[in-house]
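Structural characterization, general
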Amino acid sequence: MTDETEADMTGITPRRRPKPDIEEIGGRKLQPSTLMMGHGYDPMLSEGSLKPPIFATSTFVFPNAAAGKRHFEGVTGIRPGGSEGLVYSRFNGPNQEILEDRLGVWEEAEEALAFSSGMSAIATLFLAHTNPGDTIIHSGPLYAATETLIGRVMGKFGANWLDFPAAASQDEMEAVMRKAADGRVALIYLESPANPTNVLVDIEAVVAARDAVFGKNEGPPIAIDNTFLGPLWQKPLRHGADIVVYSLTKYAGGHSDLVAGGVLGSKKMLDPIRAMRNIIGTICDPNTAWMLSRSLETLELRMTRAGENAAKVCEYLRNHPKVEKVGYLGFLKDDAQADIYRRHCTGAGSTFSLYLKGGEKEAFAFLDALKIAKLAVSLGGTETLASAPAAMTHISVPEERKKALAITPNLVRISIGVEDADDLLADFEAALDAI
Ligand SMILES: *Cc1c(COP(=O)(O)O)cnc(C)c1O
C-alpha cells in the first residue's frame with residue numbers, strides 16, 4: 001500500500017487524500033452510470049474495502065491544534081474557501097461527501113449538497129437566500145409542503161410571494177416579475193413537471209424573462225425542483241437554472257426505504273446554503289448517504305425500465321373504455337407544452353395521472369382491486385404505487401383550487417416501478433374490470 005499522506009498547502013494539515021478520480025479514458029469522458037461505481041472513493045483509504053464503510057462517528061480527530069483552528073476558520077467563513085477536511089458530523093462526513101460527489105456527476109454540477117429530506121433541502125435553500133421583505137416568485141402549483149413553507153413559514157419571517165402558472169408564457173412571467181422588481185427578489189423557484197398536474201415549466205423562458213426584467217447577471221437565482229424527471233430525463237442546469245433541488249426519497253433513492261434531499265449547482269450558489277446547513281444541521285445521516293450511493297449505482301437501470309414500463313401501461317390505459325384521460329408527458333397535445341418537452345426532456349418519466357370515467361366510487365374500486373400496485377403515496381420506487389390525490393395528498397386543498405388544478409375525485413396518481421410490464425398490464429386490466 002502506498003502512503004497517500006501528504007501535507008496540504010499550509011503544511012499543517014497532513015491528511016490522507018483519495019487518489020484522483022478517473023473521469024476519462026483515452027479522451028472518452030466516462031458516463032454517470034460508470035462513475036457511480038467508484039467516483040469519490042479510494043478503497044485504499046479504508047483497508048481496501050471495495051465498498052465505502054459506513055462512518056458512524058459524530059466527530060473527527062485533528063492532527064494538531066493549528067489544523068483544528070484552520071478547519072474552524074473555514075467552516076465559519078472567517079477564511080473563505082470553506083472547510084478543507086472533516087470536523088464534525090453536523091457539517092459533513094465521508095459517506096455524505098461520496099454521495100455529494102456522485103450526485104453532482106449526473107447534471108455536471110460543480111457541487112452538490114445532501115440533506116435529511118427533500119423538504120429540509122428546500123427549507124435550507126429558502127432560509128439561506130431570503131431576507132425579511134424579500135419576494136419569492138414561484139411557478140404554481142408546487143408540492144403542497146413547499147407551498148406551505150413559502151406561504152406560511154417564510155411569510156412569518158416577513159417574506160412575500162408571487163406566482164405564475166406553470167404553463168405561463170415568457171410575457172406572462174415577465175408581468176409577474178415586474179410586480180416585484182421594485183424590491184428585492186430572493187429567488188425564482190420552479191417545479192417542473194408540476195405535481196399533480198404534470199404541467200411543464202419553460203426554464204429557458206424563465207431565464208429570458210428574468211434577464212429582461214432584472215438585467216443580465218443582475219437578477220435573482222432560478223431554482224427548480226427536479227424530483228419528477230431528474231436526473232435522467234431533465235437536466236435544468238443546461239437550460240439556465242442556477243440551483244436544482246431534489247427529493248432523493250423518490251427516484252434517486254428508488255426503493256421506498258429512505259428519506260433524503262439534495263441541492264446541486266455552482267459553488268457560488270451553494271456556499272450560502274452549505275453555511276445554513278452547517279448551522280441548522282439539515283444534512284442526511286451516514287447510513288442514508290451510504291444507501292443512496294448504493295441506489296445511484298442502479299439509477300439509470302431503474303429509471304430506464306420504469307420509463308419503458310410506464311410507456312406500455314399508458315398506451316394500454318389511454319385506449320381503455322373505462323378511462324377518461326391519461327395525463328402522461330408522452331401524450332402531450334398542447335403545442336407549447338410539447339415544445340418545452342422537446343427542448344427540456346429526454347424521457348416522459350413514470351409518474352402520471354389517470355382519470356377514470358366516474359368519480360370517487362370508481363377510483364376507490366379501482367385502487368382496492370389492484371394487486372401488484374400498492375396503495376400508497378410517493379413515487380419513484382421499484383414498486384408501482386397508486387393513490388387518489390383528491391382524497392389523500394390534496395384533501396385539504398380548497399375545492400376551488402382543486403377544480404382549477406384538475407384534482408378531481410376520479411383522479412388516480414400512478415408511479416410505475418420496475419416490475420414485468422405484462423404483469424402490470426394484467427393487474428390494471430383486472431382492476432379496471434372490477435369497477
Ligand atoms: C416528495 C417531494 C418533495 C419532498 O421531499 P421529501 O423527501 O418527502 O421531504 C418535494 N418536491 C417534490 C416534487 C416531491 O415529490
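Residues numbered from 1 in each chain as written. Predicted model: local features only at pLDDT ≥ 70, side-chain atom pairs only at ≥ 80, totals over all residues. Heavy atoms only, no water.

1. Thoughts on the overall build of the protein
In terms of helices and strands, the protein carries 14 helices and 16 strands. Computed over its C-alpha atoms, the radius of gyration of the protein comes to 23 Å, within 12% of the 22 Å expected for a compact globule of 435 residues. For the C-alpha atoms alone, the extent of the protein along its principal axes is close to 75 × 55 × 40 Å. Across the 435 residues in the protein, those meeting the buried criterion constitute 52%. Summed over all atoms, the accessible surface of the protein reaches about 19400 Å², with 55% contributed by carbon and sulfur. (Helix = DSSP H or I, 4+ residues; strand = E, 2+ residues; numbered from the N terminus. Rg over C-alpha atoms; globule rule 2.2 N^0.38 Å. Buried < 20%, exposed > 50% of the residue type's maximum accessible area, 1.4 Å probe, protein only. Areas by Shrake-Rupley, 256 points an atom, 1.4 Å probe, with all protein chains shown as cover.)

2. Overview of helix α5 (residues 144-156)
Along its 13 residues, α5 runs 18 Å from first to last C-alpha, staying within 8% of the 18 Å computed at 1.5 Å per residue. Among all positions of α5, only Thr146, Leu149, Ile150 and Met154 are buried. Contact partners of the buried residues in α5: α4 (118-129), β6 (135-140), β7 (160-165) and β8 (185-191). Where α5 ends, the next residue or the one after it, Gly158, has phi of about 85°, a positive value. (Expected span 1.5 Å × (residues − 1). Contact = heavy atoms within 4.5 Å.)

3. Points about the pairing of strand β13 (residues 351-356)
Across the 6 residues that make up β13, a large majority, 6, are buried. Where strand β12 (residues 323-327) meets β13, 4 bridges bridge the pair, whose relative direction is antiparallel. Looking across to β13, one finds that Lys325 is bridged to Tyr355. Bridge count for β13 against strand β16 (residues 411-415) is 5 bridges, and the pairing is antiparallel. Among the inter-strand pairings, Thr351 is bridged to a residue of β16, identified as Ser415. (Pairing = 2+ DSSP bridges.)

4. Looking at the domain arrangement of the protein
The assigned domain composition of the protein is domain 1 (1-107), domain 2 (108-294) and domain 3 (298-434). One C-alpha centre belongs to domain 1, the other to domain 3, and the line joining them spans 41 Å. (Domains from an automatic or database assignment.)

5. Structural notes on the site of the ligand
Taken together, 13 residues are adjacent to the ligand, and Met119, Asp225, Ser247, Thr249 and Lys250 come closest. Met119 has a polar backbone atom sitting 2.8 Å from an oxygen atom of the ligand. Between the ligand and Thr249 there is a distance of 2.6 Å, counted from an oxygen atom to a side-chain nitrogen or oxygen. Compared with its free state, where it exposes 380 Å², the ligand has 92% of that area covered by protein. Considering only residue class, the shell around the ligand consists of 5 nonpolar, 5 polar and 3 charged. (Near = heavy atom within 4 Å. Polar contact = N/O pair within 3.5 Å; in protein donor to acceptor, adjacent residues only side chain to side chain. Nonpolar A, V, L, I, M, F, W, Y, C, P; charged D, E, K, R; others polar.)

6. Remarks on the sheet that holds strand β14 (residues 374-375)
In sheet architecture, strand pairing relies on hydrogen bonds along the backbone and comes in two forms, parallel and antiparallel. Overall, mixed pairing links the 5 strands, which are arranged β12-β13-β16-β15-β14 in an open sheet. If you trace the sheet from one side to the other, it starts and ends with β12 and β14, each paired once.

7. Examining the pattern of salt bridges
Tallying each qualifying case throughout the model produces 18 salt bridges. We note a salt bridge from Lys216 to Asp211, for which the minimum N-O separation is 3.5 Å. (Salt bridge = Lys/Arg side-chain N within 4 Å of Asp/Glu carboxyl O.)

8. Observations concerning the confidence of the model for the protein
Looking at the protein, the pLDDT average stands at 94 and 96% of residues meet or exceed 70. This stretch, residues 1-9, has a pLDDT under 50; its non-local contacts, to residues over four places away or in other chains, come to 21 contacts. (pLDDT = per-residue confidence, 0-100.)

9. Focus on the UniProt feature "modified residue: N6-(pyridoxal phosphate)lysine" (unreviewed entry) in the protein
UniProt's feature table lists "modified residue: N6-(pyridoxal phosphate)lysine" (unreviewed entry) at Lys250, given in the numbering used throughout. Its location among the elements puts Lys250 in the loop between β10 (243-247) and β11 (261-265). Classification of Lys250 by relative accessible area gives buried; the value is 10%. Apart from residues lying up to four places away in sequence, Lys250 is in contact with Tyr143, Thr227, Ser378, Leu379 and Gly380. (UniProt positions renumbered as here; feature names shortened; annotations may be inferred.)

10. Digging into the side chain of Thr130
Note that Thr130 resides in the loop between α4 and β6. Its relative accessible area of 11% is what places Thr130 among the buried residues. Looking at Thr130, its side chain comes within polar contact range of the main-chain oxygen of Phe126, at 2.7 Å. In this structure, Thr130 is in contact with Ile136, Met154, Ala159, Arg184 and Ala186, ignoring residues within four places of it in sequence.

11. With respect to the nonpolar core
One finds Phe352, Leu354 and Phe366 to be the most contacted residues of the largest nonpolar core, which totals 85 residues. Ranked by the residues each element gives to this core, the list is headed by helix α7 (residues 203-214), at 7 residues. Beyond its immediate sequence surroundings of up to four residues, Phe366 is in contact with Leu354, Leu356, Val412, Ile414, Phe428, Ala431, Leu432 and Ile435. Within the second largest apolar cluster, 22 residues are counted, among which are Ile136, Leu142, Tyr189 and Ile273. (Core = buried A, V, L, I, M, F, W, Y, C linked by side-chain atoms within 4.5 Å.)

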